[in-house]
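Report on the structure
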Amino acid sequence: PRLMARLMESEDAGAAEFASAAHALKSISRNVGAVRVGNLCGELEDAARQGRIEFAKYRDVLIEALEQTLAALGNVTGTPSFVASTAREAERISA
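Let us look at the structure shown here.

Criteria and thresholds
Residues numbered from 1 in each chain as written. Predicted model: local features only at pLDDT ≥ 70, side-chain atom pairs only at ≥ 80, totals over all residues. Heavy atoms only, no water. Axes fitted to C-alpha atoms, helices over the stretch in contact; angles between N-to-C directions. Helix = DSSP H or I, 4+ residues; strand = E, 2+ residues; numbered from the N terminus. Parallel < 35°, antiparallel > 145°, perpendicular 65-115°, else oblique. Left-handed = near helix turned anticlockwise from the far one by under 90°. Contact = heavy atoms within 4.5 Å. Nonpolar A, V, L, I, M, F, W, Y, C, P; charged D, E, K, R; others polar. Salt bridge = Lys/Arg side-chain N within 4 Å of Asp/Glu carboxyl O. Buried < 20%, exposed > 50% of the residue type's maximum accessible area, 1.4 Å probe, protein only.

What to know about the packing of helix H1 (residues 2-10) against helix H2 (residues 15-31)
- Packing of H1 against H2 leaves a shortest axis separation of 8 Å and a crossing angle of 160°. In terms of orientation, H1 and H2 fall into the roughly antiparallel class. Relative to H2, the crossing made by H1 is left-handed. Side by side, H1 and H2 meet where Leu-3, Met-4, Arg-6, Leu-7 and Ser-10 of the first sit next to Glu-17, Phe-18, Ser-20, Ala-21, Ala-22, Ala-24, Leu-25 and Ile-28 of the second.
- Residue composition of the contact of H1 with H2, grouped by class: nine nonpolar, two polar and two charged.

Some points on the environment of Ala-48
- Residue placement: Ala-48 occurs in helix H3 (residues 35-49).
- Sequence spacing of Ala-48 and Phe-18 is 30 residues, and the spatial spacing of their C-alpha atoms is 6.5 Å.
- Beyond its immediate chain neighbours, meaning those up to four positions away, Ala-48 contacts Ala-15, Phe-18 and Ala-19.

Quick look at the pattern of salt bridges
- Tallied over the entire structure, the rule returns five salt bridges.
- For Glu-17, the salt bridge goes to Arg-6, with nearest N and O atoms at 3.4 Å. Placement of the pair is Glu-17 in helix H2 and Arg-6 in helix H1, with a sequence separation of eleven residues.
- The exposure class assigned to Glu-17 is partly exposed, which follows from its relative accessible area of 35%.
- With a closest N to O distance of 2.7 Å, Lys-26 and Glu-45 form a salt bridge.

As structure tokens, then:
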């Protein structure tokens, strides 16, 4: 949730910071096999590197993908109660 919160917070910090945050979430997502989340973050990173912050366009689908990923990880690790609200927790952290 902290990397998602960082992404949300960096939306107003400028394209370079947003690209860095998107890159961080992309990298960790791909490291754990969360391809959909990683690909979405890659698109956000690419756009930000071109000076466009397109978070609003991807926000809901990214949160949904992150929630699905965390739920799947929770099923594998046996901690579904932890992951059920983790993506939404990122919203709370960044607020």
